[in-house]
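Commentary on secondary and tertiary structure
One letter stands for each residue in the lines below.
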Amino acid sequence: MSSASDDDAPVLEARGVVHRYGSGRTATTALGPVDLTIRRGEFVVVVGASGCGKSTLLRLVAGFEDPTEGTVLVDGAAARPGRSGIVFQQPRLLPWRTVGGNIDLALATGGVPADERTAQREALLEQVGLPGVSHRRTWELSGGQQQRVAIARALAVPSDLLLLDEPFAALDALTRERLQEDLRGSSASRDRTSIFVTHSVDEAVFLGSRIVVLSRSPGRIALDVPVPLPRDGTDPLAVRSHPQFAALRQIVSAELRAAAA
Ligand SMILES: Nc1ncnc2c1ncn2[C@@H]1O[C@H](COP(=O)(O)OP(=O)(O)OP(=O)(O)O)[C@@H](O)[C@H]1O
Ligand SMILES: [Mg+2]
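Our subject in this report is the structure included herewith. (Residues numbered from 1 in each chain as written. Chains lettered and ligands numbered in written order. Predicted model: local features only at pLDDT ≥ 70, side-chain atom pairs only at ≥ 80, totals over all residues. Heavy atoms only, no water.)

**Considering the site of ligand 1**
In the vicinity of ligand 1, 13 residues are found, and the nearest of them are Ser50, Gly51, Lys54, Ser55 and Thr56. Measuring from an oxygen atom of ligand 1, one finds a backbone N or O atom of Gly51 at 2.7 Å. In the environment of ligand 1, a nitrogen atom lies 3.3 Å from a nitrogen or oxygen atom belonging to the side chain of Arg59. When ligand 1 sits alone it has 640 Å² of accessible area, and the protein chains cover 62% of it. Looking at the shell around ligand 1 element by element, the count peaks at four residues for helix H2 (residues 54-62). Residue composition of the shell around ligand 1, grouped by class: four nonpolar, six polar and three charged. (Near = heavy atom within 4 Å. Polar contact = N/O pair within 3.5 Å; in protein donor to acceptor, adjacent residues only side chain to side chain. Areas by Shrake-Rupley, 256 points an atom, 1.4 Å probe, with all protein chains shown as cover. Helix = DSSP H or I, 4+ residues; strand = E, 2+ residues; numbered from the N terminus. Nonpolar A, V, L, I, M, F, W, Y, C, P; charged D, E, K, R; others polar.)

Put into structure tokens, the structure is as follows:
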């Protein structure tokens, strides 16, 4: 049962997190030290120079790696795989399964009973704007459609934590804008918490409820700011042309430049 205090508990709590790859003289410090607390419903966008540790941070939150130092708690327990939905830069769909088969696998892994999977899968595909494609082969879809399926698959994981690592980087500008709008729309007024990595400052300001800028490698938090833009039912064009949009864009760009110096 959830109470007010449960809702206030952080979804992510990273304390004194440092991550190194390798050991001895070949060790690379990829991240940290980083302290980061994320609460339910936040949409946190992480930006920073290439190699500063953004993917490493997501891997730690996903539980794919254990931090070298410090702790990463998801819903109060040590991060471990299966507790978050993940979207990678490439769709990474299983080509030998149909679109529906890819999503069913995530539902099955999440313990959804077989007789409930079809309805849930169709609802998820509807949510990403791809109704009725379950029977299709993944390779019959365009890159943008495949990425939408990957997002639906991530949403199929029975978790309110969504991790997205440059999910739109390889898409054409129009598809990218449309997916940004879908994602922003579906993340408003939800219990879902998202951590989204991007190199695009525009994308960060449009999508985020909060922006975290990491410094040059090893990444530390150089800037952590809320995004003062409306999230509910606001026309995307109105958001993009909001005076606060341009102002924040400038602040984040300047910090990125300073952090990379
Ligand atoms: N498996 C690994 N083994 C050794 N070093 C690694 C490994 N993965 C990442 N690194 C190193 O850790 C640092 C951070 O890498 P990471 O992938 O987190 O950066 P990033 O911010 O996601 O970069 P990009 O924007 O290019 O995706 C880099 O120096 C990278 O070379
Ligand atoms: Mg990366």
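**Comments concerning the packing of aromatic side chains**
Enumeration according to the criterion identifies two aromatic pairs in this entry. Centroid distance Phe43 to Phe196: 6.0 Å. Interplanar angle 40 degrees. Geometry classified as tilted. Note that Phe43 is positioned in strand S3 (residues 43-47) and Phe196 in strand S8 (residues 193-197), a separation of 153 residues in sequence. Phe196 carries the same exposure label as Phe43, and that label is buried. Ring pairs connect the aromatic residues Phe43, Phe168 and Phe196, which therefore count as one cluster. Just above the ring of Phe88 sits the side chain of Arg92; from NZ or CZ to the centre is 3.9 Å. Its end group placed over the ring of Phe206, Arg240 keeps NZ or CZ at 3.8 Å from the ring centre. (Phe/Tyr/Trp six-rings, centres within 6.5 Å; stacked < 30°, edge-to-face > 60°. Buried < 20%, exposed > 50% of the residue type's maximum accessible area, 1.4 Å probe, protein only. Lys NZ or Arg CZ within 6 Å of the ring centre and 35° of its normal.)

**Some words on the pairing of strand S9 (residues 210-214)**
The buried fraction of S9 is high, at five of five residues. Direction of pairing for S3 relative to S9: parallel, over a ladder of four bridges. Within S9, the position partnered with Val47 by the bridge is Val213. With five bridges connecting them, S9 and strand S10 (residues 221-226) associate as antiparallel partners. Bridged to Leu214 within S10 is Ile221. Here S9 folds back onto S10, and the loop between the two strands holds six residues. (Pairing = 2+ DSSP bridges.)

**Examining the sheet that holds S10**
Read from one edge of the open sheet, six strands run S6-S7-S8-S3-S9-S10, paired in mixed fashion. Edge strands, defined here as strands with exactly one partner in the open sheet, are strand S6 (85-87) and S10. For this sheet, the mean inter-axis angle between neighbouring strands, taken without regard to orientation, is 15 degrees. Pairing geometry for S3 and S8, over four bridges, is parallel. Looking at S8, one finds that Val45 is bridged to Phe196. Running over the sheet, helix H5 (residues 143-156) touches S6 and strand S7 (161-165) and is turned about 165 degrees from S6. (Axes fitted to C-alpha atoms, helices over the stretch in contact; angles between N-to-C directions. Contact = heavy atoms within 4.5 Å.)

**With respect to the packing of helix H4 (residues 114-127) against H5**
In contact at an axis separation of 9 Å, H4 and H5 are set at 130 degrees when each is read in the N-to-C sense. Taken together, the axis directions place H4 and H5 in an arrangement best described as oblique. Along this stretch, H4 crosses H5, giving a crossing that reads as right-handed. Residue-level inspection shows Leu124, Leu125 and Gln127 of H4 in contact with H5, the latter providing Val149, Ala152, Leu155 and Ala156. (Parallel < 35°, antiparallel > 145°, perpendicular 65-115°, else oblique. Left-handed = near helix turned anticlockwise from the far one by under 90°.)

**Notes on the sheet that holds strand S1 (residues 12-21)**
Within a sheet, each strand pairs with its neighbour through backbone hydrogen bonds, oriented either parallel or antiparallel. Pairing is antiparallel in the open sheet, where four strands are placed in the order S2-S1-S4-S5. Each edge of the open sheet carries a strand with a single partner, namely strand S2 (28-38) and strand S5 (77-78). Direction of pairing for strand S4 (residues 69-74) relative to S5: antiparallel, over a ladder of two bridges. Note that in S5 the partner of Val74 across the bridge is Ala77. Against the sheet, H2 touches S1, S2 and S4, its axis set at about 120 degrees to S1.

**Things to note about unusual backbone geometry**
Omega for the bond connecting Gly32 with Pro33 falls within 30 degrees of zero, at 5 degrees, which places this linkage in the cis form. Between Ser217 and the following residue, Pro218, the backbone shows a cis peptide bond with an omega angle of -10 degrees. Inspection of the secondary structure puts Pro218 in the loop between S9 and S10. Its identity as a non-glycine residue notwithstanding, Asp75 has a phi of 50 degrees, on the positive side. Structurally, Asp75 is set in the loop between S4 and S5. Take Asp75: its relative accessible area is 45%, and that puts it in the partly exposed class. Of note in this structure, Arg92 is not a glycine but carries a positive phi near 50 degrees. Mapped onto the fold, Arg92 is located in the loop between S6 and helix H3 (99-109). By relative accessible area, Arg92 is classed as exposed at 55%.

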